[in-house]
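Notes for the structure review
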Amino acid sequence: MNAAKQRSARGSGTARGLQLHRFETPGGLRVTVAPRGRIPLVAVRLVLSSGAAVDPAGKEGLADFTMRLLRRGTAQRNAHDLDEAIEFVGASLGLFAGEDQVAVPLTTPAEHLPAMLGVLAELVRSPSFPDEEVRIERERSLGQFANDVDDPSLLADRALLKVAWAGHPYGHDVSGTRASVARFQREDAVRFHAAHFGPRPAHLFVVGAVDPAAVAAQVEEAFGSWSGGPGRSTEIPAPAGIGHAGKVVVVDRPEQTQSQVRVAGPAYRRGAPVQFAAQIVNVTLGAGFTSRLVREVRVKRGLSYGVGSSFDTLRAGGLFSVSSFTKVETTGQLLSVIRGEVDRMRARGPTPAEVEKAQRYLAGLFPLRTETNESLAAVLADMVLYGLGDDWLDRYRERVRAVTRAAAQEAAARYCFPEAPVTVVVGPAERLRPQLERLGPVEVLSADDVL
């Protein structure tokens, strides 16, 4: 019996009725196998715990850029041959970069799993980063930035990251900036790959109609000789607070007739126990068609067709934000309504009836998150990356239902802007300034400052 199989026999756990089989390759690649169902289709997800937060200064977007180049050639095959190998067997392979991770999700017919594990290993172990592919990808990325300047919603989201996370590794979009991407060379991708790719910071998840012992042998064949590389994870510092607190940042777009609005304050790190109570607050305030914000902004006043709130949580911290849009002349009114509803939630929290309603909503929605093998593989990966524990799936609905009104009130008091939030508005600065000055000091940026 090989080393991988021996470790598989000793490492197991359960999640939502699934038996999780775990082992490590000799080089330190951790593997989790979740046998599931009878349909011969397998989801695979390889995750490394280094994302955009570890982009070098001045090289923002490098993790994403490097990931998108993986499929453009390896030491063994060019991009065309890789595409042909994947598509010929009816498989699909994606490339993903987030703030805390990079991932390669793969779906394949079960009979072709050994071959596709080989392709996956080839991509992450020996990418060649051809000069011509680097040039093409750089030009494609710069072209996308040129399109993004015409998307006010995207500008608002980017501006919020920039100002709310100012000075923190999370303070830039995953795709970087025009200035940083324009400087990318082949050597940058080579260095990023060497610094962050290796078996020890990686975890492989296999979900579907598979035999764990057979998967262990197949993984050993594809990844058994993978060794070296960096340690297990990269530490991300906790944020000291929120950037530009109490200020209003306007991204000046003189031609716009509508304003995009974002209001944000600090939140918890992903996996913190308070998240269940916080999600009850969020559903009640703005994450649903019957939420308070929808009722007050859309139904009662007709200020916007869309308004919502969200907790965006990551490994080192998070943001609580409200987003919407409206006519330029009603921007101040919209912000007043938003702040008023958030203040009321902070002061009193959700009612008992709202808590019960939000619990039913979250408990009913949760099974959809693991409906497919692909979605389950992603959830299993998050369970490991964010330290959620093996009982995350089994106890999720139990923990949601256990939230008391007092716990929800406490979460509302902590996260519904107890300190002055940062406000971001995209629109014509000259027309907006008189409406916004009462909210705090106004700082004007251009689209170039954001992109």
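Residues numbered from 1 in each chain as written. Predicted model: local features only at pLDDT ≥ 70, side-chain atom pairs only at ≥ 80, totals over all residues. Heavy atoms only, no water.

Things to note about the confidence of the model for the protein chain
When pLDDT drops low, the exact placement of atoms in the prediction is not to be read closely. Averaged over all residues, the pLDDT of the protein chain equals 93, while 96% of them reach at least 70. Low confidence marks residues 1–10, where pLDDT is under 50. Its contacts with residues over four positions away, or in another chain, come to 19 contacts. (pLDDT = per-residue confidence, 0-100. Contact = heavy atoms within 4.5 Å.)

Notes on the domain arrangement of the protein chain
For the protein chain, the assigned domains read domain 1 (3–223) and domain 2 (248–450). On a C-alpha basis, the centres of domain 1 and domain 2 stand 29 Å from each other. Taken together, the contact pairs 41 residues of domain 1 with 41 residues of domain 2. When domain 1 packs against domain 2, the two sides together hide about 3500 Å² of surface, and 64% of this comes from carbon and sulfur. Viewed at the interface, domain 2 and domain 1 are joined by 3 salt bridges. The partner of Asp-157 in a salt bridge is Arg-262, and the shortest N-O contact between them spans 2.8 Å. At the junction of domain 1 with domain 2, the criterion picks out 15 residue pairs in polar contact (both at pLDDT 80 or more). Top contributing element to the side of domain 1 that touches domain 2 by residue count: helix H6 (residues 152–164), with 11 residues. (Domains from an automatic or database assignment. Buried area = accessible area lost by both parts, 1.4 Å probe. Salt bridge = Lys/Arg side-chain N within 4 Å of Asp/Glu carboxyl O. Polar contact = N/O pair within 3.5 Å; in protein donor to acceptor, adjacent residues only side chain to side chain. Helix = DSSP H or I, 4+ residues; strand = E, 2+ residues; numbered from the N terminus.)

With respect to the pairing of strand E12 (residues 318–327)
Counted residue by residue, E12 has 7 buried out of 10 residues, so it is predominantly covered. Pairing analysis gives 10 bridges linking strand E10 (residues 258–267) to E12, with the strands arranged antiparallel. Note that in E12 the partner of Gln-258 across the bridge is Lys-327. As paired elements, strand E11 (residues 307–313) and E12 share 7 bridges and run antiparallel to each other. Bridged to Asp-312 within E12 is Leu-319. Between E11 and E12, which pair antiparallel in sequence order, lie 4 residues. (Buried < 20%, exposed > 50% of the residue type's maximum accessible area, 1.4 Å probe, protein only. Pairing = 2+ DSSP bridges.)

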